[in-house]
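What follows is each chain in one-letter form.
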Amino acid sequence: MILLAVFIAFFALGWLRARRAGGGLADRIRYGIVHGLAAALALYAVVTIGDWQGLTN
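First, a word on scope: everything that follows refers to the structure included in this document. Everything numeric here is computed off the predicted structure, so don't read it as measured data.

A tally of regular secondary structure across the protein chain gives two helices and zero strands. Scaling as 2.2 N^0.38, a compact globule of 57 residues should have a C-alpha radius of gyration of about 10 Å, whereas the protein chain reaches 14 Å, well beyond that. Based on the C-alpha atoms only, the size of the protein chain along its principal axes is roughly 50 × 20 × 15 Å. Long-range pairs, those at least 24 residues apart, make up 45% of the contacts in the protein chain with a sequence separation of at least 6. Of the roughly 4,400 Å² of accessible surface on the protein chain, 70% is carried by carbon and sulfur atoms.

Looking at where R17 falls in the secondary structure, it is placed in helix α1 (residues 2-20). R17 gets classed as partly exposed once you look at its relative accessible area, which sits at 46%.

Quick look at the pattern of salt bridges now. Inspection of every chain in the model, using the stated rule, returns one salt bridge. Among the salt bridges present, the one from D27 reaches R30, with a minimum N-O distance of 3.0 Å. Within this pair, D27 and its partner R30 are both found in helix α2 (residues 25-47), separated by three residues, close to a single helical turn. Among the residues examined, D27 registers a relative accessible area of 27% and is labelled partly exposed.

Attention shifts here to the packing of aromatic side chains. Considering all chains together, one arrives at two aromatic pairs under this definition. Where F7 meets F11, the ring centres are 6.0 Å apart and the plane angle is 40 degrees; that geometry is what we call tilted. Of this pair, F7 and F11 both sit in helix α1, four residues apart, roughly one helical turn.

Next up on the list: the packing of α1 against α2. At a closest axis distance of 7 Å, the pairing of α1 and α2 adopts a crossing angle of 145 degrees. The handedness of the crossing between α1 and α2 is right-handed. Along the lines of polarity and charge, the residues of the contact of α1 with α2 split into 18 nonpolar, four polar and four charged.

Calculation rules
Every chain begins its residue count from 1, and numbering advances along the sequence as written. For this predicted model, a pLDDT threshold of at least 70 governs which residues receive local features, and a threshold of 80 or more governs which side-chain atom pairs are given and counted, while totals over whole chains, interfaces and linings are taken from all residues. Excluded from the side-chain calculations are hydrogens and water; all other atoms, namely the structure's heavy atoms, are used. Runs of H or I in DSSP of at least four residues are treated as helices and runs of E of at least two as strands, each being numbered from the N terminus. Our radius of gyration is a C-alpha quantity, and the globule rule it is checked against amounts to 2.2 Å times the number of residues to the power 0.38. Contacts are assigned to residue pairs with any non-hydrogen atoms lying within 4.5 Å of each other. A 1.4 Å probe and the Shrake-Rupley method give the accessible areas. Residues count as covered only by the protein chains that appear here. Exposure classes here rest on a 1.4 Å probe applied to the protein chains alone. A residue is buried below 20% of its type maximum, exposed above 50%, and partly exposed in between. What makes a salt bridge here is a side-chain nitrogen of Lys or Arg within 4 Å of a carboxyl oxygen of Asp or Glu, nothing more. Each Phe, Tyr or Trp ring (for Trp, its six-membered ring) is paired with any other whose centre lies within 6.5 Å, and the angle between the two planes then decides the class: stacked below 30 degrees, edge-to-face above 60, tilted in between. Under this scheme, a helix contributes an axis fitted over its contacting stretch, all axes are lines through C-alpha atoms, and angles between N-to-C directions fall in the 0 to 180 degree range. By definition, turning the near helix anticlockwise from the far helix through less than a right angle yields a left-handed crossing, and turning it clockwise yields a right-handed one. For this classification, Asp, Glu, Lys and Arg are treated as charged, while Ala, Val, Leu, Ile, Met, Phe, Trp, Tyr, Cys and Pro are nonpolar and the rest, including Gly, are polar.

As structure tokens, this is what we get:
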């Protein structure tokens, strides 16, 4: 649920950044998806970093 909230928040941020840059609807959606996925994946990576310790041993 937290990842969904982070995705939505950063999707909105990407949407607003594309809007300020003068992008059309496709640009706004693309920026929103990219920003949302990047933030959600970064949060997921940080939260699960303890699970990855076995991969490097």
